[in-house]
Each structure stands twice: as structure tokens, then as C-alpha cells.
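Letter by letter, the chains look like this.
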Amino acid sequence: LMGAALAGVEVIHDGASGLLGAGMLTSLAQMVMDNEMCNAIAYYLGGIEVDAGSLAEEVIAAVAQDGNFLGSEHTAKHFRRALYLNPLRCRNLLPTAVEATRSVLYENAAAAARKILAAHQPLPIPAERLKIVDQIVQHAREKVGL
């Protein structure tokens, strides 16, 4: 996906839609993982901010010889923007916390998919659009003799 994105491809369907098995099946957990992967790629494609604030020349001058960058207010303010934190990848869990056949990433993605399904409220389809869909379905039924 990163190669395609770097080449300028705007729509990457099969690599970001939860498809498995050459498109013969789909997985909601895989869809969540694909979405997270696309978020990471979008973050990396955003590039590195280079300006007076990100260069922190004053901080370098103040702490470079004997100081600690981690203790500076500038680092505390800016370090999270310099990291891509994936909520699905939990690096502090032991692999033994889940079944040997499943990964922590998969378990987290499956839980996220269940949470989305339980909480999501789709926007209602306007009545005029529903009428058009009903007409299309009725036309198709007439064509096949149903």
C-alpha cells in the first residue's frame, strides 16, 4: 500500500477493504486493520514539518552540552506529533495473553469491529433515494420473473 500511495494512487481498493483470499471473503477485523494501516500511511505521507518550532534551535542551544531534551517543555509539547501511535498494536501485552493461533493485533481489531457495529448509527437514507432504489429492485425483479 505504501508503494502505491507513494506512486500517487488515490484509490487502493483491494489493499484497504478487508478482503482476504484473493477477494473471495472479507473480514471486519481485517477491515479495521486495513483502515489503521491506511491511517499510518496517510500520516507518513504528510511528511516532516520543518519550521522554527519543529527545529527547536533554542532548545538545542540550551541543553545540547549538558542537558536533557526529554525534560524540556518543547519535547513534551511536540513529541506525540512525531510518533504514529496505532491503537490496535499494543506492544506491552505478552503473546501468551491470547490464543496461540491469533495475534494481539487481530484480537484488538476484532474487538474494535464489534464496538463499531454495536455503536454505529448510520445516517437515514432520504425517502426520495429509497424510492429510486425500490424502483430499481422492482425493475430487476420484473426482468428475472420474480
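These figures come from a predicted structure and were not determined experimentally.

Cut-offs used in this document
- Residues numbered from 1 in each chain as written.
- Predicted model: local features only at pLDDT ≥ 70, side-chain atom pairs only at ≥ 80, totals over all residues.
- Heavy atoms only, no water.
- Helix = DSSP H or I, 4+ residues; strand = E, 2+ residues; numbered from the N terminus.
- Rg over C-alpha atoms; globule rule 2.2 N^0.38 Å.
- Expected span 1.5 Å × (residues − 1).
- Buried < 20%, exposed > 50% of the residue type's maximum accessible area, 1.4 Å probe, protein only.
- pLDDT = per-residue confidence, 0-100.
- Phe/Tyr/Trp six-rings, centres within 6.5 Å; stacked < 30°, edge-to-face > 60°.
- Patch = residues over 30% accessible without salt bridge, like charges linked within 9 Å, V, L, I, M, F, W, Y side chains within 5 Å.
- Areas by Shrake-Rupley, 256 points an atom, 1.4 Å probe, with all protein chains shown as cover.
- Salt bridge = Lys/Arg side-chain N within 4 Å of Asp/Glu carboxyl O.
- Contact = heavy atoms within 4.5 Å.
- Polar contact = N/O pair within 3.5 Å; in protein donor to acceptor, adjacent residues only side chain to side chain.

### So, the overall build of the protein chain
- Helix and strand content of the protein chain: 7 helices and 2 strands.
- In the protein chain, the succession of helices and strands from N to C terminus is α-β-β-α-α-α-α-α-α.
- Relative to a compact globule of 146 residues, whose C-alpha radius of gyration would be 15 Å, the protein chain shows 24 Å and is clearly more extended.
- Seen through its principal axes, the protein chain has C-alpha atoms that stretch 85 × 40 × 30 Å.

### Description of helix 7 (residues 127–144)
- With 18 residues, helix 7 extends 26 Å from end C-alpha to end C-alpha; this agrees with the ideal 26 Å at 1.5 Å per step.
- With 0 of 18 residues buried, helix 7 lies mostly on the surface of the structure.
- Gly145 sits one or two positions beyond helix 7 and adopts a positive phi of about 80 degrees.

### Topic: the confidence of the model for the protein chain
- When pLDDT is averaged along the protein chain, the result is 83; 90% of the residues meet or exceed 70.
- Least confident of the elements in the protein chain is strand 1 (residues 19–20), whose mean pLDDT is 80; most confident is helix 7, at 96.

### Looking at the packing of aromatic side chains
- In total, this model carries 1 aromatic pair according to the counting rule given.
- Relative to Tyr44, the ring of Tyr43 has its centre 5.4 Å away and its plane inclined at 75 degrees; by these criteria the two rings are edge-to-face.
- By relative accessible area, which is 28% here, Tyr43 ends up partly exposed.

### Notes on a nonpolar patch on the surface
- Judged by side-chain polarity, Met2, Leu6, Tyr44 and Leu45 come together as a nonpolar surface patch covering roughly 400 Å² of accessible area.
- When contributions to the nonpolar patch are tallied by element, the ones reaching two or more residues are helix 1 (2–6) and helix 2 (28–45).
- Structurally, the position occupied by Leu6 is in helix 1.

### Let's talk about helix 2
- Over its 18 residues, helix 2 runs 26 Å from end to end, which matches the ideal 26 Å to within 8%, given 1.5 Å per residue.
- Contact partners of the buried residues in helix 2: helix 1, strand 1 and helix 6 (104–119).
- Measuring from the side-chain oxygen of the N-cap residue of helix 2 to the backbone nitrogen of Ala29 gives 3.3 Å; that N-cap residue is Ser27.
- Phi turns positive one or two residues past the end of helix 2, at Gly47, with a value near 80 degrees.

### Brief notes about unusual backbone geometry
- Positive phi, close to 55 degrees, is recorded for Ala56, a residue that is not glycine.
- By the secondary structure assignment, Ala56 is in the loop between helix 3 (52–55) and helix 4 (57–63).
- Relative accessible area serves as the criterion here: at 7%, Ala56 is assigned to the buried category.

### Some thoughts on the side chain of Ser72
- Of note, Ser72 is situated in the loop between helix 4 and helix 5 (73–78).
- Separated by 2.9 Å, the side chains of Ser72 and Thr75 make a polar contact.

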